[in-house]
Amino acid sequence: MPKPSDSRPGESAKPPKRALRVLSGTKPTGENLHLGNYFGALRQFVQLQDEHDTALYFIADYHSMTTVRNAEERRRNTLAVALDYLAAGLDPERAILFRQSDLPEVTELTWILTTVTPMGMLERAHAYKAAMDKGEDVDHGLFTYPVLMAADILLYGSHLVPVGRDQKQHIEMARDMAQRFNRIYETDALVLPEPYILEASATVVGTDGRKMSKSYGNTISMFAPKGRIKKAVMGIVTDSTPVEDPKDTSQAVFELWSLFATEAERAEMFARAEAGGLGYGEVKKDLLARLMDHFEPMRARRAELEEKPEEIEAILRRGAERARALATPVLEACREAAGLGVPRR
Ligand code: ADP
Ligand code: TRP
């Protein structure tokens, strides 16, 4: 296994072409994927599967238990994420696609990691703090969420974790837990992971100018019916500058449009905006056309795959076997280091 790296190349450093293990996961919460999920995470998943020897992408169904409380709903949502993955271009030949709960080993590593995780670390976690601030009933699952996430990452000896910026804190926690475990048990069983965050799309803006997020209701979905996407695009908040006046190009509408444009097109559009005479309606219409074009092939592929749930199931099972082959030696090394189970010697 490659040695863990102690260097931190910086969050947007391009990874060298090495035999690194890439891993990421998505919670099956039932919403259609939105542009934030795609540009912040999924697109990098696809790119990294080609650049690295081993890429693992899973569906975090254990994680969804903190919010989804119905078995059928979870099964449906899990299949939906698998479809999104495959439609977006993840290739089961090149990447290992699997369902988190097909490897219950991850819950054993979660327990092991909880014993080296200070309460204070978890109390500082954004998701937990946000739920507390809102006065929500917080269960232990939500509190421990970052430990399960760390186990996801560490179980497979992952080096790089492609995510949007909001997940960075979780990866730092995973790194911290790995370091503590390795130090306490004098081992190098756990690899220290790095976040992989693309500066340009670290935070995709929503239709209201805040971060695009399901919880803000400001999303533009990839695969929703065209009418719904159109409604969201036309609803992007703009200022009230008259058509003939110069426009402020830092607004959400320009940021979102730029996601679908080349550098040259962007320069041209921004020059027109700054010169005045460009209406927001025109930008929105063009954004809608580009967006529909961009996702059309994926939408078609998704519709095709939707007809073949058994094939998806077979892909996930095969993925789980391959994931297990990577997980077993790591978990055994942890058990051995901590003196758990039948002694090897
Ligand atoms: P949401 O915030 O809508 O609930 P999730 O937490 O399910 O989204 O995020 C799934 C993945 O998509 C994560 O890697 C997350 O970092 C990324 N992501 C979500 N929203 C954005 C955004 N607005 N910009 C960039 N990345 C995002
Ligand atoms: N917490 C992540 C999210 O909300 C999902 C996730 C679970 C994950 N386990 C992971 C992401 C491991 C990367 C690595 O988006």
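For clarity, every value in this text was computed on a predicted model and none was experimentally measured.

Moving on, we come to the site of ligand 2. Around ligand 2 sit 14 residues in total, of which His63, Tyr145, Met149, Asp152 and Gln167 are the nearest. Residue Asp152 places a side-chain N or O atom 2.7 Å away from a nitrogen atom belonging to ligand 2. Between ligand 2 and Gln167, the relevant distance is 3.1 Å, taken from a nitrogen atom to a side-chain nitrogen or oxygen of the residue. Taking 360 Å² as the accessible area of ligand 2 by itself, protein coverage stands at 89%. Considering each element in turn, the shell around ligand 2 owes the most residues, 4 residues, to helix 7 (residues 140-155). Residue classes in the shell around ligand 2 are distributed as 8 nonpolar, 4 polar and 2 charged.

Before going further, it helps to examine the nonpolar core. Nonpolar side chains in soluble globular proteins tend to be buried together. Grouped together as the largest cluster of nonpolar side chains are 59 residues, with contacts concentrated most on Leu35, Tyr57, Tyr85, Ile220, Leu256, Leu291 and Phe295. Looking at this core, the elements with two or more residues in it are helix 1 (35-51), strand 2 (54-59), helix 3 (71-88), helix 9 (226-234), helix 10 (252-258), helix 11 (263-275), helix 12 (280-306) and helix 13 (309-338). When residues in this core are grouped by element, the largest group, 9 residues, is from helix 12. Residues from two domains meet in this core; each of domain 1 (18-204 + 308-338) and domain 2 (214-305) gives at least three. Ignoring sequence-local partners within four residues, the contact set of Leu35 consists of Gly40, Val204, Met212, Ile220, Leu256, Phe260, Leu291 and Phe295.

A positive phi angle, close to 45 degrees, is found at Glu186, a residue other than glycine. By secondary structure assignment, the location of Glu186 is in the loop between helix 8 (168-184) and strand 5 (194-196). Accessibility expressed as a relative area gives 75% for Glu186, which makes it exposed.

Moving on: the site of ligand 1. The environment of ligand 1 is formed by 17 residues, the closest being His34, Gly164, Asp166, Val204 and Met212. In the model, an oxygen atom of ligand 1 is placed 3.1 Å from a nitrogen or oxygen of the Asn37 side chain. At a separation of 3.4 Å, an oxygen atom of ligand 1 approaches a polar side-chain atom of Lys211. When isolated, ligand 1 has an accessible area of 530 Å², and the protein chains bury 90% of it. The residue inventory of the shell around ligand 1, partitioned by class, reads 5 nonpolar, 9 polar and 3 charged.

Considered domain by domain, the chain is made up of domain 1 (18-204 + 308-338) and domain 2 (214-305). Each of domain 1 and domain 2 has a C-alpha centre, and these two points are 31 Å apart. Between domain 1 and domain 2, the residue contacts involve 19 residues of the former and 19 residues of the latter. Carbon and sulfur atoms make up 65% of the area that domain 1 and domain 2 hide from each other, which totals about 1900 Å². Our count for the contact surface shared by domain 1 and domain 2 stands at 1 salt bridge. Between Asp84 and Arg302 there is a salt bridge; the shortest N-O distance is 2.7 Å. Counting the contacts that link domain 1 with domain 2 gives 7 residue pairs in polar contact (both at pLDDT 80 or more). The set of elements that each furnish at least two residues to the side of domain 1 that touches domain 2 consists of helix 1, helix 3 and helix 13.

In this section: the packing of aromatic side chains. Summed over all chains, the structure comprises 12 aromatic pairs. Plain terms: the ring middles of Tyr128 and Phe143 are 4.8 Å apart, the flat faces sit at 70 degrees to each other, and that makes the pair edge-to-face. Of the two residues, Tyr128 sits in helix 6 (residues 126-133) while Phe143 sits in helix 7, which places them 15 residues apart along the sequence. A single burial state applies to Tyr128 and to Phe143, both of which are buried. Here the aromatic residues Tyr38, Phe39, Phe260 and Phe295 are joined through ring pairs into a cluster of three or more. The ring of Tyr216 carries the charged tip of Arg210 above its face, separated from the ring centre by 4.1 Å. Its end group placed over the ring of Tyr280, Lys247 keeps NZ or CZ at 5.6 Å from the ring centre.

Moving on, we get to the packing of helix 4 (residues 105-114) against helix 13. When two helices pack together, their arrangement is captured by the angle between the axes and the distance separating the axes. Running from amino to carboxyl end, helix 4 crosses helix 13 at an angle of 30 degrees, the nearest separation of the two axes being 11 Å. Taken together, the axes of helix 4 and helix 13 are roughly parallel relative to one another. Seen from above, helix 4 lies across helix 13 with left-handed handedness. Here Glu105, Glu108 and Leu109 of helix 4 lie close against helix 13, whose contacting residues are Arg324, Leu331, Cys334 and Arg335. By residue class, the composition of the contact of helix 4 with helix 13 is 3 nonpolar, no polar and 4 charged.

About the cut-offs
- Residues numbered from 1 in each chain as written.
- Chains lettered and ligands numbered in written order.
- Predicted model: local features only at pLDDT ≥ 70, side-chain atom pairs only at ≥ 80, totals over all residues.
- Heavy atoms only, no water.
- Near = heavy atom within 4 Å.
- Polar contact = N/O pair within 3.5 Å; in protein donor to acceptor, adjacent residues only side chain to side chain.
- Areas by Shrake-Rupley, 256 points an atom, 1.4 Å probe, with all protein chains shown as cover.
- Helix = DSSP H or I, 4+ residues; strand = E, 2+ residues; numbered from the N terminus.
- Nonpolar A, V, L, I, M, F, W, Y, C, P; charged D, E, K, R; others polar.
- Core = buried A, V, L, I, M, F, W, Y, C linked by side-chain atoms within 4.5 Å.
- Buried < 20%, exposed > 50% of the residue type's maximum accessible area, 1.4 Å probe, protein only.
- Domains from an automatic or database assignment.
- Contact = heavy atoms within 4.5 Å.
- Buried area = accessible area lost by both parts, 1.4 Å probe.
- Salt bridge = Lys/Arg side-chain N within 4 Å of Asp/Glu carboxyl O.
- Phe/Tyr/Trp six-rings, centres within 6.5 Å; stacked < 30°, edge-to-face > 60°.
- Lys NZ or Arg CZ within 6 Å of the ring centre and 35° of its normal.
- Axes fitted to C-alpha atoms, helices over the stretch in contact; angles between N-to-C directions.
- Parallel < 35°, antiparallel > 145°, perpendicular 65-115°, else oblique.
- Left-handed = near helix turned anticlockwise from the far one by under 90°.

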